Amino acid sequence: FVEFFHNATKFMLSNKGKFISYNELKFSINSSYYLLNANFNEEAFSILNNLKNRICPDCLNSQDLIQNFFNYSDANDMILGQGFYEALLLFDLNYTNLSIKLNDLSPEAIREIRKKSIEQYKYFYDLFDLDSSDAILLDADTTYASILSDYAMSLSRWGLCDEASIYQNQAQEIYENL
């Protein structure tokens, strides 16, 4: 199955343009998630990093990539679409999760990464006014819950269980109220 992902990724990356389709973005997210859960971390990271480098060669990581999209939207008074931004945030969740796993980061570095993820998610949430009465509440959003629970797992691996429980409890509350 890894060969399938290599071939599909090669095909996707043969396009040298900086513009990406929603399908390309979702493919990279779903593929990396599948490979991550099958413990093919280097392959999963390669898919995401290659796509990031194709879109934004100057971006250091997925959070820089997302910030570039936000800056572009703000500067041009346009919004690319809720689904696209949500996909970018899931891209970030997989990318940062893999970065944490592959680079043996310190608890402080993990805190910075996850705080930026949460900050960017809240910006996305505000951008689309998702707290209106007919939209999903932040406290009932599975993407936000995934970011929180991933952060909690990273903290617990470092033995920071009290801090981890704060984020895990928030995530658990979201999941229980779905």
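The structure this text deals with has already been given above.
Predicted model, so just to flag it, every value in this text is computed and none were measured.

A. Main features of the nonpolar core. With 49 residues, the main nonpolar core has Leu-25, Leu-65, Leu-88 and Phe-91 as its most contacted residues. Elements supplying a minimum of two residues to this core: helix H1 (2-13), helix H2 (22-37), helix H3 (41-55), helix H4 (62-75), helix H5 (82-103), helix H6 (107-127), helix H7 (142-157) and helix H8 (161-176). Looking at this core element by element, the count peaks at ten residues for H5. Non-local contacts of Leu-65, meaning those with residues more than four positions away in its chain, are made with Lys-52, Ile-55, Cys-56, Cys-59, Leu-88 and Phe-91.

B. Region of the structure containing the packing of aromatic side chains. On inspection of all chains with the given rule, the structure shows six aromatic pairs. Here a set of aromatic residues connected by ring pairs shows up, and it is made of Phe-45, Phe-91 and Tyr-95.

C. The pattern of salt bridges, seen in detail. For the coordinates displayed, the defined rule picks out five salt bridges. Salt-bridge contacts for Arg-111 lead to Glu-163; the nearest nitrogen and oxygen are separated by 2.6 Å. Here Arg-111 is found in helix H6, whereas its partner Glu-163 is found in helix H8, with 52 residues between them in sequence. Across the pair Lys-116 and Glu-119 runs a salt bridge whose closest N-O atoms are separated by 3.3 Å.

D. Molecular detail of the environment of Leu-148. As for its position among the elements, Leu-148 is in helix H7. Here Leu-148 falls in the buried class, since its relative accessible area comes to 1%. The spatial distance from the C-alpha of Leu-148 to the C-alpha of Glu-108 is 16 Å, given a sequence separation of 40 residues. Sequence-distant contacts of Leu-148, defined by excluding residues within four places in its chain, comprise Ile-118, Tyr-167, Gln-170, Ala-171 and Ile-174.

E. Spotlight on the side chain of Thr-143. Summarising the element assignment, Thr-143 is placed in helix H7. Relative accessible area serves as the criterion here: at 5%, Thr-143 is assigned to the buried category. What Thr-143 contacts, discounting residues up to four positions off in sequence, is Glu-86, Leu-90 and Tyr-121.

What counts, and where the lines are drawn
- Residues numbered from 1 in each chain as written.
- Predicted model: local features only at pLDDT ≥ 70, side-chain atom pairs only at ≥ 80, totals over all residues.
- Heavy atoms only, no water.
- Core = buried A, V, L, I, M, F, W, Y, C linked by side-chain atoms within 4.5 Å.
- Buried < 20%, exposed > 50% of the residue type's maximum accessible area, 1.4 Å probe, protein only.
- Helix = DSSP H or I, 4+ residues; strand = E, 2+ residues; numbered from the N terminus.
- Contact = heavy atoms within 4.5 Å.
- Phe/Tyr/Trp six-rings, centres within 6.5 Å; stacked < 30°, edge-to-face > 60°.
- Salt bridge = Lys/Arg side-chain N within 4 Å of Asp/Glu carboxyl O.

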